[in-house]
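What the coordinates show
The residues making up each chain are set out below.
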Number of protein chains: 2
Amino acid sequence: MTMSSQWKTPQLQSKLHEADIVVLGSPRPEEIPLTWIQPGTTVLNCSHDFLSGKFGGGSQRGHFGGLIEEDDVSLLAAALRVQNMVSSGRRWLREQQHRRWRLHCLKLQPLSPVPSDIEISRAQTPKAVDVLAKEIGLLADEIEIYGKSKAKVRLSVLERLKDQADGKYVLVAGITPTPLGEGKSTVTIGLVQALTAHLNVNSFACLRQPSQGPTFGVKGGAAGGGYAQVIPMEEFNLHLTGDIHAITAANNLLAAAIDTRILHENTQTDKALYNRLVPLVNGVREFSEIQLARLKKLGINKTDPSTLTEEEVSKFARLSIDPSTITWQRVLDTNDRFLRKITIGQGNTEKGYSRQAQFDIAVASEIMAVLALTDSLADMKARLGRMVVASDTSGQPVTADDLGVTGALTVLMKDAIKPNLMQTLEGTPVFVHAGPFANIAHGNSSVLADKIALKLVGEEGFVVTEAGFGADIGMEKFFNIKCRASGLVPDAVVLVATVRALKMHGGGPSVTAGVPLKKEYTEENIQLVADGCCNLQKQIQIAQLFGVPVVVALNVFKTDTRAEIDLVCELAKRAGAFDAVPCYHWSIGGKGSVDLARAVREAASKRSRFQFLYDVQLPIVEKIRTIAQAVYGAKDIELSPEAQAKIDRYTQQGFGNLPICMAKTHLSLSHQPDKKGVPRDFILPISDVRASIGAGFIYPLVGTMSTMPGLPTRPCFYDIDLDTETEQVKGLF
Amino acid sequence: MTMSSQWKTPQLQSKLHEADIVVLGSPRPEEIPLTWIQPGTTVLNCSHDFLSGKFGGGSQRGHFGGLIEEDDVSLLAAALRVQNMVSSGRRWLREQQHRRWRLHCLKLQPLSPVPSDIEISRAQTPKAVDVLAKEIGLLADEIEIYGKSKAKVRLSVLERLKDQADGKYVLVAGITPTPLGEGKSTVTIGLVQALTAHLNVNSFACLRQPSQGPTFGVKGGAAGGGYAQVIPMEEFNLHLTGDIHAITAANNLLAAAIDTRILHENTQTDKALYNRLVPLVNGVREFSEIQLARLKKLGINKTDPSTLTEEEVSKFARLSIDPSTITWQRVLDTNDRFLRKITIGQGNTEKGYSRQAQFDIAVASEIMAVLALTDSLADMKARLGRMVVASDTSGQPVTADDLGVTGALTVLMKDAIKPNLMQTLEGTPVFVHAGPFANIAHGNSSVLADKIALKLVGEEGFVVTEAGFGADIGMEKFFNIKCRASGLVPDAVVLVATVRALKMHGGGPSVTAGVPLKKEYTEENIQLVADGCCNLQKQIQIAQLFGVPVVVALNVFKTDTRAEIDLVCELAKRAGAFDAVPCYHWSIGGKGSVDLARAVREAASKRSRFQFLYDVQLPIVEKIRTIAQAVYGAKDIELSPEAQAKIDRYTQQGFGNLPICMAKTHLSLSHQPDKKGVPRDFILPISDVRASIGAGFIYPLVGTMSTMPGLPTRPCFYDIDLDTETEQVKGLF
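Note that the structure is predicted; figures quoted are calculated from it, not measured.

Cut-offs applied
Residues numbered from 1 in each chain as written. Chains lettered and ligands numbered in written order. Predicted model: local features only at pLDDT ≥ 70, side-chain atom pairs only at ≥ 80, totals over all residues. Heavy atoms only, no water. Helix = DSSP H or I, 4+ residues; strand = E, 2+ residues; numbered from the N terminus. Buried < 20%, exposed > 50% of the residue type's maximum accessible area, 1.4 Å probe, protein only. Contact = heavy atoms within 4.5 Å. Areas by Shrake-Rupley, 256 points an atom, 1.4 Å probe, with all protein chains shown as cover. Least-squares fit on C-alpha atoms with pLDDT ≥ 70 in both. Axes fitted to C-alpha atoms, helices over the stretch in contact; angles between N-to-C directions. Parallel < 35°, antiparallel > 145°, perpendicular 65-115°, else oblique. pLDDT = per-residue confidence, 0-100. Buried area = accessible area lost by both parts, 1.4 Å probe. Salt bridge = Lys/Arg side-chain N within 4 Å of Asp/Glu carboxyl O. Polar contact = N/O pair within 3.5 Å; in protein donor to acceptor, adjacent residues only side chain to side chain. Nonpolar A, V, L, I, M, F, W, Y, C, P; charged D, E, K, R; others polar.

What follows concerns the overall build of chain A. Secondary structure summary: chain A contains 26 helices and 29 strands in total. Here chain A holds 733 residues, and the buried ones make up 61% of them. Of the contacts formed within chain A by residues at least 6 apart in sequence, a portion of 74% connects residues at least 24 apart. For chain A, the accessible area works out to roughly 27600 Å², and carbon and sulfur atoms hold 50% of it.

What follows is the structure in structure tokens.
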């Protein structure tokens, strides 16, 4: 039999070896060496042409199936030689993979004035999530349904689609916002509604899961708004599928392990400690797997617990955590300001080992950042194990692995790692997955959701993902941290602006949540807009540092005038934006963002010249300075002695080559929230530096960052209620 | 048309008025006045007899369907007169409702020696939970699936089946246990496996959801064990469907609301406070619903915020919580001993309003007790609103309603209220729902799960529910608190005993978790068993106080001898047990508990003469004394001054007529854990008294109760791991 040597893909070869089923008529079947196909393999031929060949036709229209046995190989060889089955193979496979979804979109009938978010959400009946999953090409065993409208997607889909080309990757970022936010989530959702429901292009929105705490404080929901929402919005804003609860449980198990371990070490001899850590079970002492790993790390090459010397016993049994170096905090998904600074361990049973500690909001947990940056279960476990919680008395880092808790953390997080599938108001797919804090962490949704979505939309499709805060923070971290971790290359940036925020940057009066807007914001004021566009221009330039084309999306409010809108678009384009378009998704849904969708499609068709801003091998200080100068426009940075000491320690501990995650206010390009527009000539003060080793970044603190929000005098919860007859939630917005 | 007046059920009439579909051939159709059936109603006739009548037969075998229009009414009248369609109607309906399930049971192939719990669980493939739900008569829209093996059951099923007679109601309780536990959960599961998989009787197990904290501490899982388990056991023991996480979120939102409110009241004038609590929105001030309720409670009959007098403003805006009276604690589902006593509010932002507080384990939250005792969404909301968190400076109770947070708590708990459906190792149904602490709360699974299960099993079926701790605690609370709340009447008690625990009561050496058992427990010792049976006899007598027949289930271990087993059964029957049988479910599954199942069936067929132990109208002290003397065998009780003061306060506040929930050690009938057997002549000291007003009980503390477990030197988590390739959990037991 003549073999062609043109097919040399080792991947294909190994696939055929492993496969139970081989689809022929696909990649040039005549060139596949028959030795690649194992006896016992079922062969399905899906080539249309093959039907007219020797072995097709009959009642089995569309495929020829058979189990290959030794004897059949020659028969198959004959079949493979049939010339007319060749041509359509590859095209067929491509069509199968890249097909446009046949998505049943949900119709909108927008009302005017626009009702409340929860009323809009409730008025739309979502598709059953298993129907949606099927529409976008997920197999039944790749999803785990949670109620009618949420499903987790298993990571096995990545393996199945690993040879599939990725879709286009679009980031939604924003200009420096007012405290009210400028609608990045809404733009993200409006854009995918436009792409899929109106332009018939496969698209996926990837959003962060919001913290539940603020939902009951001042913020309300985070599912988008108006006619660009994720539905049901109450499912989105409450528990979802429990991922944040899993993070809370894992985070606090680790915290409890730290303090309890210190107590036990302080109150027991080496021998007692060792005998408890490696207990007699049915007369035998054995190390657990994670203890063996610790021995290895300590350079003790022994596996029999009875053979350790006294010194080794002590080394193994004592972590000698220095309580003053503990950086691991407890967390709750509740706005509880009274937990910002507490003293723990005051019970008699804790024998006086009390210390000062704090609770952060759950999404500030490093485990959330790990979840957002991981790309597999094995990687997540490794990251969880690497997390540094304190230093020991000799200055060495103490990790979750040292505490023996990595496996348990992984078990607690085993379902949280699967992205959550929901849908927009128009029935298009959305992943809601991970929501790390945007200041002390990187503020982006998960790598895994983006990766799966990029496979599911196919080569011609779009994944629209959102970064927290303004582009100077969220986008910079998206590129330098998230894209570095994922290896994914963005094709376009959508930069969200509002006339309101631009007026503020132009010198308008201050904007405060809960206080009515001044008339500058509700009446036309061309001068303020023109002056404020400096912030937009600067943010466009920041995106261009990374070599990615920018489309400005002007999120239009009903008080914006034509002249104001035109001016913004004009100035944006002059500043180098690929395009700038007004969007009306909030009031009319995806239809209102069709222009934006077209512009994004156009921009993404250009070849991306994406590059990182800095080399991670640079010293920590240099990386911080690069961000401060190139992105924020600072003259220089100024390190406090604490910051310098921490940088020295992390460098010495071997963590100097991690990327930087700046913890800076999002309300100004500088460190001072009241400096609007484009502040110049400032020195950025670095007050302290911390590290999230498991997540994989160093985070310098620019000023103090609150990691635990509070409740106002009249929290949102006064309006939130459940109708016990209809089971409908009221008062969420 | 002649109408019979025999059918006078107003329920039936209103049902026919509302119905879209009427099933005829069911309750004496000839007697249903036609005016009851609305035009537009679809009529389905399911009577077999009807097929031979005038309007049946043909291709639509089994039913006759049609939409009633005005014209058809006379036709229908004729149909209704057909005599031969009458007889089978009622019987048919009854058969439909009470039918035996056609359950596909999962086969067991027990190994010897018995593998670990997680290995057994993993070796069995559970049925898809939607298949199980269908098998037991749940409709598709009555379940919400969570993954492959868990589902929530909607409360609407109670409305659909409200006319269905309940099945038999069986409680599993135990003798005073060793610290290792004597296997009540295992007996519960073995019993339903026997009833349904081996005797073909419909049955349901109703279990508590275990706290996740101890799973990583010392306790391990709580899904039963050996060949009598709920599967998948890791799903049972970890997050489940998030109910405990929802409780944590709700509990802590309320806690944050308390401290924040105190801070805001302390730092604002009446007017500022009022203006924030009733803010100007678009120029208008309006009270929210829960604020209107507070006004009503305060006796202020106004709805316009501008009309309140200064005094009324102050009364409305100030809760004046006395911080020293706060009884509401924060919770976490983590064994974190360092949170047993803490100081909160030490941050600058809290302006010096720090105070001492504590965290309890999440299942100790009153919200868990509310969940376990409620019977509907409306009732849960009312209970949550009634929860008392502190007193004000004038000694009046401050509630969740006063804080305006009831609606938000209800929203957070809206899914948690739905019982969770899982299955046993043999594929029979299990509800896992609620798991209140068994000392400071009543330690029983939910009323709602029991109620739904009683409907689903039908009149001939069995619901087996479990009480925490020994019968002196769990069973007493089951009867006096849970049955009082639910109105359900138990038909039998299964009292679980082990030779091990009896030997301990007979004077055997002490039994400690983690320490190997002494030889008295692994070798035959008839004398110890005989002496220890006093505890069994006493617990039987306690059950008899309530008029319910007792079957003793001897949970057999492999070291128990024939003579020991026979002796226990003999003594139990002599003490008044209806029957006493050895069980072998742990080693061979339901087959090993068939004798127990037969005995329970027999016992439950007797008429129950159930009665409460005390009248709730008695003074609090009398109720406590009754329990102490009649159940524990105390000579009397002794109140501390604190306890007396609290009793006086609760009585004065109008809470004197609630049932009593004793917080006593489970390791002895007395208050001293080391007093085994049947302690006599002791005075039960009541150190303090607390109240769970929302749950609906007063709980006297007998000694100190730890409400936050700790981690040992070597917690279970050292062995817990996830295989990142297979996604299998290792090391849970």
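This brings us to the relation of the copies chain A and chain B. Of the transformation placing chain A onto chain B, the axial shift is 0.0 Å and the rotation is 180°, giving an RMSD of 0.0 Å. Such a combination of rotation and displacement between the chain copies is what one expects of a two-fold axis. In terms of proximity to the rotation axis, the leading residue of chain A is A:Tyr146, whose C-alpha is 2.1 Å off the axis.

Now for unusual backbone geometry. Residue A:Pro232 is reached from A:Ile231 by a cis peptide bond, and omega for that bond is -15°. Within the secondary structure, A:Pro232 sits in the loop between β9 (228-231) and α8 (233-237). The phi dihedral of A:Lys351 is positive, around 55°, even though this residue is not glycine. Its identity as a non-glycine residue notwithstanding, B:Ala434 has a phi of 70°, on the positive side. Residue placement: B:Ala434 occurs in the loop between β19 (429-432) and α17 (447-457). Classification of B:Ala434 by relative accessible area gives buried; the value is 1%.

On to the packing of helix α7 (residues 184-198) of chain A against helix α24 (residues 594-604) of chain A. All names here are of chain A. One can describe the packing of α7 onto α24 by two numbers: an axis separation of 8 Å at closest approach and a directional angle of 85°. The orientation of α7 relative to α24 falls into the category roughly perpendicular. Within the contact between the two elements, α7 uses Val187, Leu191, Ala194, Leu195 and His198 and α24 uses Val594, Leu596, Ala597 and Val600.

What follows concerns the side chain of B:Lys451. Topologically, B:Lys451 is positioned in helix α17. Apart from the residues lying within four places of it in its own chain, the contact partners of B:Lys451 are B:Leu158, B:Asp375, B:Ser486 and B:Leu488.

This part is about the confidence of the model for chain A. Residues and elements named next belong to chain A. Per-residue pLDDT for chain A averages 88, and the proportion of residues at 70 or more is 86%. Here residues 39-71 is a poorly scored stretch, pLDDT under 50, and it has 71 contacts once near neighbours within four places are set aside; other chains count. Residue range residues 77-88 is modelled with pLDDT below 50. Its contacts to residues more than four positions away, or to other chains, number 29 contacts.

Counting residues at the interface gives 84 residues for chain A and 84 residues for chain B. Interface area for chain A against chain B, summed over the two sides, is near 7500 Å², with a carbon-plus-sulfur share of 61%. Among the residues of chain A in contact with chain B, A:Phe338, A:Thr713 and A:Tyr718 are the three that bury the most area, contributing 11% of the side total. The tally of links between chain A and chain B comes to 14 salt bridges. Linking A:Lys414 and B:Glu235 is a salt bridge whose minimum nitrogen-to-oxygen distance equals 3.2 Å. Where chain A touches chain B, the interface holds 44 residue pairs in polar contact (both at pLDDT 80 or more). Among the elements that make up the side of chain A that touches chain B, the one with the highest residue count is helix α9 (residues 243-267) of chain A (12 residues). Counted by class, the side of chain A that touches chain B contains 38 nonpolar, 23 polar and 23 charged residues.

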